[in-house]
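Descriptive analysis of the structure
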Amino acid sequence: GAVVSQHPSWVICKSGTSVKIECRSLDFQATTMFWYRQFPKQSLMLMATSNEGSKATYEQGVEKDKFLINHASLTLSTLTVTSAHPEDSSFYICSAEGPGGYNEQFFGPGTRLTVL
Amino acid sequence: GIQVEQSPPDLILQEGANSTLRCNFSDSVNNLQWFHQNPWGQLINLFYIPSGTKQNGRLSATTVATERYSLLYISSSQTTDSGVYFCAVERSNAGKSTFGDGTTLTVKP
């Protein structure tokens, strides 16, 4: 149980375009999901907390107009990178709090974004 | 914010050897998890261990919350154990986790 999926697994886009990444909890409901960013050989950095039915909470230094988050249902959160630029190229990973109320996080497989 | 330090940063082992990875944190935490990130980037849950000791096969973990550290033990290491091991802690019940910089483990045949 507690499986999280992400789509797409990888995406290549041109500078200036927008890219949407989906994060789904497959076998449980998640009122809260998290979006992380990971650069090569580095750790995960929390970008934002996605709450079902309300606005996302962004970490300091993360541009909310650049990284749009929508948590429209209890099983789906989306991250849209707007007007992407090469510096937005990174590995984006989502997580969700699993069932049981213990705040244990389960991670999706990640999305590798390359902006040309 | 809370600081999470993992050691060693890199570890190279011969297959069959044992190892201990350490995670120190600077403040009290509600939750602590250990993850293994495989070469494809997937984070695999190893342990949810805010305190105490747990074992799962060749892996075990101990968290001493009062002394603000956690240890991950890997016994009889295999080449498939290679990858990056992360410790992540959560201070409040908001679910936000802070990750350490990880330990990169390489197990040679």
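Our subject in this report is the structure included herewith. Bear in mind the structure is a predicted one, so any value in this text is a computation, not a measurement. Just so you know, the residues in each chain are numbered from 1, in the order the chain's sequence is written. For this description, chains carry letters from A and ligands carry numbers from 1, given in the order in which they are written. Per-residue local features of the predicted model are confined to residues with pLDDT of at least 70, and side-chain atom pairs are confined, for both listing and counting, to 80 or more; whole-chain, interface and lining totals are unaffected and use all residues. Neither water nor hydrogens contribute to the side-chain values; these are computed over all heavy atoms in the structure.

**Considerations on the sheet that holds strand E6 (residues 52-56) of chain B**
Residue and element names in this part refer to chain B. Note the cut-off: Here, any two strands with at least 2 DSSP bridges between them count as paired. Working definition: helices are DSSP H or I runs of at least four residues, strands are E runs of at least two. Numbering for both runs from the N terminus. To get an axis, fit a line to the C-alpha atoms, keeping to the stretch in contact for a helix; angles then go from 0 to 180 degrees between the N-to-C directions.
Within the open sheet, the five strands sit side by side as E1-E3-E8-E7-E6. Their pairing is antiparallel. Here the strands that pair on one side only, and so sit at the sheet edges, are strand E1 (4-7) and E6. For this sheet the average axis-to-axis angle between neighbouring strands, irrespective of direction, equals 15°. The pairing of E1 with strand E3 (residues 19-25) spans four bridges and is classified as antiparallel. Following the sheet pairing, Val4 is matched in E3 by Phe25.

**Structural notes on the side chain of Ser97 of chain B**
Heads up, the rule is: Relative accessibility thresholds used throughout: buried, under 20% of the residue-type maximum; exposed, over 50%; partly exposed, between the two (1.4 Å probe, protein chains only). Two N or O atoms count as a polar contact when they lie within 3.5 Å, although within protein this holds only if one can serve as hydrogen donor and the other as acceptor, and sequence-adjacent residues are included solely when both atoms are side-chain atoms. It only takes one pair of heavy atoms within 4.5 Å for two residues to be counted as in contact.
By secondary structure assignment, the location of Ser97 of chain B is in the loop between strand E9 (83-90) and strand E10 (98-99). Look at Ser97 of chain B and you get buried, because its relative accessible area is 11%. Within polar-contact distance, the side chain of Ser97 of chain B engages the side chain of Gln105 of chain A at 2.8 Å. Those residues in contact with Ser97 of chain B that lie beyond four places of it in its chain are Tyr36 and Gln105 of chain A together with Ala88, Val89 and Glu90 of chain B.

**With respect to the pairing of strand E4 (residues 31-37) of chain B**
Residue and element names in this part refer to chain B. Summarising burial for E4: seven of the seven residues are buried, a large majority. Because side chains alternate across E4, one face comprises the buried residues Asn31, Gln33, Phe35 and Gln37, and the other comprises Leu32, Trp34 and His36, equally buried. Strand direction decides the pairing type here: E4 and E9, joined by seven bridges, are antiparallel. The residue bridging Gln37 from the neighbouring strand is Val84, located in E9. The sheet contact formed by E4 and strand E5 (residues 43-48) spans five bridges and is antiparallel.

**Comments concerning the nonpolar core**
For clarity, the cut-off: In these notes, a set of buried Ala, Val, Leu, Ile, Met, Phe, Trp, Tyr and Cys residues joined through side-chain atoms within 4.5 Å is what counts as a nonpolar core.
One finds Phe67 and Leu113 of chain A to be the most contacted residues of the largest nonpolar core, which totals 27 residues. At the level of secondary structure, the elements contributing two or more residues to this core comprise strand E2 (10-13), strand E3 (19-25), strand E4 (32-38), strand E5 (44-51), strand E7 (67-73), strand E8 (76-81), strand E9 (90-97) and strand E11 (111-115) of chain A. With residues up to four places along the chain from it excluded, the contact list for Leu113 of chain A reads Val11, Cys13, Val19, Val81, Asp88, Ser89, Ser90 and Tyr92 of chain A. Among the nonpolar cores identified, the runner-up in size contains 22 residues, and Cys23, Phe25, Leu32 and Ile49 of chain B belong to it.

Interpretation in functional terms is not warranted from these geometric data alone.
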